[in-house]
Amino acid sequence: MATDENTNQSLEQLPLVKALHYERLSQMFWALQIFLLVATVQRMALGRVTAALALATTAALLFLSLWLLRQQRYQLAATWMLGLMMGLCYYFMWLSDGLRDEAVLGYPAILVIASIIGNRKIFIGLLVVMVVSLLVLGSFNSLGWYETRQVESNINVAILLVLILLITAYCIRLLINDIRRLMTQLNEENQRRRDSQAQVEALVNHDGLTGLPNRILAAEQFDLMLRHSQRQGQSVALLFIDLDNFKPINDSLGHSAGDEYLIQIARRLVDEVRTSDAVSRFGGDEFVVLMPDLPPDESIIGRADEVLQTLREPMLLQGHELSTTASIGIAIAPADGTDFATLLGKADMAMYESKRAGRDGIRYYNTSMNNDAQAQVKLISDLRKALQADEFSLHYQPKIDLKSGDLCGCEALLRWQHPTRGNIPPEEFIGLAERSGLIVEIGMWVVQQATAALSRFDAQGLPELTMAVNVSSLQFRRGNLDRVVEQALTESAIAPHRLEIEITESMLMEPGEDIDHTFHRLQALGVTFSIDDFGTGYSNLGYLNKMKIGTLKIDRSFVSQLQLSPQDTAIVTAIIQMANSLNLTTVAEGAETQAEAELLAKLGCTQGQGYYWAKPMPEEAFITFAQARQ
Ligand code: C2E
Ligand code: MG
Ligand code: MG
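Considerations on the state of the cysteines
Alright, step 1. Overall, the coordinates contain 0 disulfides when judged by the stated rule.
Alright, step 2. Unpaired in this structure, Cys 410 has its nearest cysteine sulfur neighbour in Cys 408, at a distance of 9.7 Å.
Alright, step 3. Among the residues examined, Cys 410 registers a relative accessible area of 0% and is labelled buried.

Below, the structure written as structure tokens:
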């Protein structure tokens, strides 16, 4: 009984059943309204005004159930509708022919409706009220307390009617229970089918051991990615990864250790790649990573190297510390093909190339990319060691106030003294450091060194200078730039406004909550911001005010053309005028001649930075330069 109740209840909760109830109730409503209308007209025609009035009133009251229905209060709407109809039938029995009145026929009809749209409680409630009402009317007639028009209306007729009503109710109940049971079964069956379908799909599309997508799903993912990337004019990279030492591990430590090893590798790969990338396993020790949305000029090598790097980290497996390496082959769509199987074959070939070349490396299918790629992989691994090996240093380039000619600040510029290649210019390694993520760590070092140098300048008795440092957008997005800056300022006891953070225009256009967040935290600290290479990016000037930028650094390309190109002179003039009216400082970058410096001062530019005054120089040279200028 309890379970029956439960299934009934859960059935009532089903959206399908709810919708059905709603539909049936509103159909019932309109059917009843039509019936009441016809009956009212008919009674009027027969001159039975009281009856017509009762019918019309019922029709009006019935609208309450429509309103309840719209409020989604189905049971209340049903109760009201059925109770009203029952009351009407009973009223007609009293008014006219008692238990012989045709209104008695309404009772079974109401029960049928109740079983369709109401719940068990409404059904039983109505049945009880009906039985009592019939017995009351029969008794009143029998006892002579109340006379209806028909003589034969009495308690015997009432009992007969009650019996007929009970049998009808019982039959309806049986029928409805059958329907309910069938619906519940159907629903359960449906759910089972959906579950098993999902299970089959998961089995077909995923690798049982690691839970990663398998070859079938990877092919689908690739097609989707390629379609999306091509619309954006971008590429998809396919990295074919084969572990270098899986076989010996599996052979010596056993299959369960081998399985555990693969699961850990899978987890590392998933943690390493971006959310838009897709990792899959092709059986054995072969994994494939798909990287979509690569801009045409972006080299994938930095990210492939990051993957290699995570795989290289030693792994603890059943008490053994294992070193792991992998060989990676890369093919790029659409350049190397747009068909998944073709691309996979090419990446596979490249992977074998990498194995042949001594494992633990990366190879492109496109051999022309290989020399470049190998050199970059080497440079990234050198960069990784450079911080520890103390190969970086900072040079400082003075900034001069163009009105007074005083030294007012400097920009810290990074230098890398490579052990074998000598001095490597920032253009060559900054991009690589950004792509491999190393810039976060290097940038942290720059901030610490620059603020420490500034406090040494103070100690040497130099005037109060500002210190500009260059910051990449990755430092805003990853890492904890705000805390790094805060700590550096505290340690060096430098007032925040003396630290100027140079960012590029394009960075301000990059969307991202984390960028905004870091930006505002830094602003709250009180450091200032300047836009580097101004004029070369997208000039959406709205951000200048919004982001409270303090300084614009006019790009060297305009300054060096000042006297040669009237257009560039116009651009520089416009930038300076705009900056002045917005109360921004302007710094002209890369002035190399006296004529340029004089023209810039005449145009109203605030500061200058360039070879004309001084090249970037090491700390001691800078101090000497500053002291000589005092
Ligand atoms: P930048 O921020 O625009 O730096 C100015 C560059 O112009 C410096 O090149 C500087 O040496 C050079 N320069 C200054 N005056 C003159 C001049 O009169 N004539 C010429 N031809 N060049 C001049 P550098 O030091 O090679 O730096 C290049 C770029 O590397 C910088 O451009 C900056 O974007 C980036 N960079 C340097 N250090 C860092 C760093 O610590 N972090 C980051 N994220 N980027 C850095
Ligand atoms: Mg700069
Ligand atoms: Mg610049």
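The discussion continues.
Considering the coordination of the magnesium ion (ligand 3)
Alright, step 1. Within the protein, Asp 532 (OD), Asp 533 (OD), Glu 589 (OE) and Glu 589 (OE) serve as the donor atoms for the magnesium ion (ligand 3), at 2.0 to 2.6 Å.
Alright, step 2. Considered as a linear motif, the donors of the magnesium ion (ligand 3) on their single chain read D-D-x55-E.
Alright, step 3. Between the magnesium ion (ligand 3) and the magnesium ion (ligand 2), a spacing of 4.1 Å is present, and a bridge between the two is formed by Asp 532. Of this pair, Asp 532 sits in strand β13 (residues 528-534) while Glu 589 sits in strand β15 (residues 585-589), and the two are 57 residues apart along the sequence.

Description of the nonpolar core
The nonpolar side chains of soluble globular proteins are, as a tendency, buried together.
Alright, step 1. Within the largest apolar cluster, 82 residues are counted, with the highest numbers of intra-cluster contacts made by Phe 392, Phe 457, Met 467, Phe 476 and Ile 549.
Alright, step 2. The element contributing the most residues to this core is helix α15 (residues 439-459), with 10 residues.
Alright, step 3. Residues within four places of Met 467 in sequence aside, it is in contact with Tyr 396, Cys 410, Ala 412, Ala 450, Ala 453, Leu 454, Phe 457, Arg 498, Leu 499 and Glu 500.
Alright, step 4. Membership of the second largest hydrophobic core comes to 51 residues, among which are Phe 92, Leu 137, Val 157 and Leu 165.

So, the coordination of the magnesium ion (ligand 2)
Each donor-metal-donor angle would ideally measure 109.5 degrees in four-coordinate tetrahedral geometry, or 90 or 180 degrees in six-coordinate octahedral geometry.
Alright, step 1. At this site the magnesium ion (ligand 2) is bound by Glu 411 (OE), Asn 470 (OD1), Glu 502 (OE) and Asp 532 (OD), with donor distances of 2.0 to 2.3 Å.
Alright, step 2. Read in sequence order, the donor residues coordinating the magnesium ion (ligand 2) give the pattern E-x58-N-x31-E-x29-D.
Alright, step 3. You can call Glu 411 buried: its relative accessible area is 3%.

So, the pairing of strand β2 (residues 278-281)
Alright, step 1. The side-chain alternation of β2 yields two buried faces, one formed by Ala 278 and Ser 280 and the other by Val 279 and Arg 281.
Alright, step 2. Connecting β2 to the antiparallel partner strand β3 (residues 286-294) that follows it, the hairpin turn spans 4 residues, and Gly 283 within it adopts a positive phi of roughly 85 degrees.

Concerning the sheet that holds strand β7 (residues 362-364)
Alright, step 1. Here 5 strands make up an open sheet; going across it, the order is β2-β3-β1-β6-β7 and the pairing mixed. Each end of this open sheet is capped by a strand with a single partner; those strands are β2 and β7. Direction aside, neighbouring strands of the sheet carry axes that sit 20 degrees apart on average.
Alright, step 2. Pairing of strand β1 (residues 235-243) with β3, which is carried by 7 bridges, proceeds in the antiparallel orientation. Paired with Asp 242 across the two strands is Glu 286, which belongs to β3.

A word on the packing of helix α5 (residues 106-117) against helix α7 (residues 155-205)
Alright, step 1. Running from N to C, α5 and α7 cross one another at 20 degrees; their axes reach a closest spacing of 10 Å. Accordingly, the angle class assigned to the pair α5 and α7 is roughly parallel. Considering the relative orientation of α5 and α7, their crossing is right-handed. When α5 is examined against α7, the residues Tyr 107, Pro 108, Leu 111, Val 112 and Ser 115 are found in contact with a partner set consisting of Leu 165, Thr 168, Ala 169, Ile 172 and Ile 176.
Alright, step 2. Looking at the contact of α5 with α7, its residues break down into 8 nonpolar, 2 polar and no charged.

So, the site of ligand 1
Alright, step 1. Residues in contact with ligand 1 amount to 22 residues; listed here are only the nearest, Arg 415, Asp 532, Arg 556, Glu 592 and Tyr 611.
Alright, step 2. Asp 532 places a polar side-chain atom, nitrogen or oxygen, 2.6 Å from an oxygen atom of ligand 1.
Alright, step 3. In this structure, an oxygen atom belonging to ligand 1 sits 3.1 Å away from a side-chain N or O atom of Asp 533.
Alright, step 4. Contributions of two or more residues to the shell around ligand 1 are made by β9 (407-418), α14 (426-435) and β13.
Alright, step 5. Tallying contributions element by element places β9 first for the shell around ligand 1, with 4 residues.

Focus on the side chain of Asp 242
Alright, step 1. Locating Asp 242 in the fold gives a position in strand β1.
Alright, step 2. Taking relative accessible area as the criterion, Asp 242 reaches 8% and is therefore assigned buried.
Alright, step 3. Among the polar contacts made by the side chain of Asp 242, one reaches the side chain of Lys 355 at a distance of 2.8 Å.
Alright, step 4. If we skip the residues at most four places from it in the chain, Asp 242 touches Asp 285, Glu 286, Ala 326, Ser 327, Met 351 and Lys 355.

Focus: helix α24 (residues 619-629)
Residues spaced three or four apart along an α-helix face the same direction, because each turn holds 3.6 residues.
Alright, step 1. Every buried residue of α24 is listed here: Glu 619, Phe 622, Ile 623, Phe 625 and Ala 626. Buried residues of α24, viewed axially, fall in a sector of 160 degrees; they line one side. Every exposed residue of α24 that faces more than 90 degrees away from the buried side is listed here: Glu 620, Thr 624 and Ala 628.
Alright, step 2. Turning to α24, the residues buried within the fold contact β8 (392-401), β9 and α15.

Looking at the packing of aromatic side chains
Alright, step 1. Enumeration over the complete set of coordinates arrives at 20 aromatic pairs.
Alright, step 2. Between Tyr 396 and Phe 622, the aromatic rings sit 6.2 Å apart at their centres with planes inclined by 50 degrees, giving tilted as the arrangement. Taken together, the positions of Tyr 396 in strand β8 and Phe 622 in helix α24 put the pair 226 residues apart, joining distant regions of the chain.
Alright, step 3. According to the relative accessible area criterion, Tyr 396 is buried, its value standing at 2%.
Alright, step 4. On the accessibility criterion, Phe 622 (0% relative accessible area) is buried.
Alright, step 5. Following the ring pairs from residue to residue traces out a cluster consisting of Tyr 90, Trp 94, Phe 140 and Trp 145.
Alright, step 6. In this arrangement the basic side chain of Lys 615 is found over the ring face of Tyr 611, its NZ or CZ atom lying 4.7 Å from the centre.

What about the pattern of salt bridges?
Alright, step 1. If you walk through the whole model with that rule in mind, you get 20 salt bridges.
Alright, step 2. Measuring nitrogen to oxygen at the nearest pair gives 3.0 Å for the salt bridge that ties Glu 500 to Lys 399. Within this pair, whereas Glu 500 is found in strand β12 (residues 499-504), its partner Lys 399 is found in strand β8, the two being separated by 101 residues in sequence.
Alright, step 3. Put simply, Asp 242, Asp 244 and Lys 355 are held in one network by salt bridges that share partners.

How each quantity is defined
- Going along each chain's sequence as written, the residues are numbered from 1 onward.
- Numbering of ligands from 1 and lettering of chains from A proceed in the order in which they are written.
- Totals for whole chains, interfaces and linings use every residue, but because this is a predicted model, local features are given only for residues with pLDDT of at least 70 and side-chain atom pairs only at 80 or more, for both listing and counting.
- Side-chain figures throughout are based on the complete set of non-hydrogen atoms in the structure, without hydrogens or water.
- By disulfide we mean two sulfur atoms from cysteines, separated by a distance within 2.5 Å.
- Three exposure classes are used, based on accessible area relative to the maximum for each residue type with a 1.4 Å probe and protein chains only: buried under 20%, partly exposed in between, and exposed over 50%.
- Because no water is among the atoms considered, metal sites can look incomplete, with donors defined as N, O and S atoms within 2.8 Å of the metal, or 3.2 Å for Na, K and Ca.
- Numbering of helices and strands runs from the N terminus, with a helix taken as a DSSP run of H or I at least four residues long and a strand as a DSSP run of E at least two residues long.
- For our purposes a nonpolar core is just a set of buried Ala, Val, Leu, Ile, Met, Phe, Trp, Tyr and Cys residues, chained together by side-chain atoms within 4.5 Å.
- Contacts are residue-level and defined by heavy atoms, with any inter-residue pair within 4.5 Å sufficient.
- Each pair of strands is called paired provided DSSP finds at least two bridges between the two strands.
- In this description, a line fitted to the C-alpha atoms serves as the axis of each element, helices being fitted only across the stretch in contact, and the angle between N-to-C directions of two axes falls anywhere from 0 to 180 degrees.
- By definition in this entry, angles of less than 35 degrees are roughly parallel, angles greater than 145 are roughly antiparallel, angles of 65 to 115 are roughly perpendicular, and the rest are oblique.
- By convention, the crossing between two helices is left-handed when the near helix turns anticlockwise from the far helix through less than a right angle, and right-handed when the turn is clockwise.
- All amino acids are sorted into three groups, where Ala, Val, Leu, Ile, Met, Phe, Trp, Tyr, Cys and Pro are nonpolar, Asp, Glu, Lys and Arg are charged, and the leftover types, Gly among them, are polar.
- Only heavy atoms are used to decide nearness, and a residue is near a molecule or strand if one of them lies within 4 Å of it.
- Any pair of N or O atoms that falls within 3.5 Å is considered a polar contact. Within protein, one atom must be able to donate a hydrogen and the other to accept it, and sequence-neighbouring residues count only if both atoms are side-chain atoms.
- Summarising the geometry, the arc corresponds to the directions from the helix axis toward the C-beta atoms.
- Here the aromatic set is Phe, Tyr and Trp, taking the six-membered ring for Trp, and pairing holds for ring centres within 6.5 Å; pairs whose planes are under 30 degrees apart are stacked, those over 60 apart are edge-to-face, and all others are tilted.
- Only when the NZ atom of a Lys or the CZ atom of an Arg is both within 6 Å of the ring centre and within 35 degrees of the ring normal do we say a charge sits over the ring.
- Here, a salt bridge means any side-chain nitrogen of Lys or Arg that lies within 4 Å of a carboxyl oxygen of Asp or Glu.

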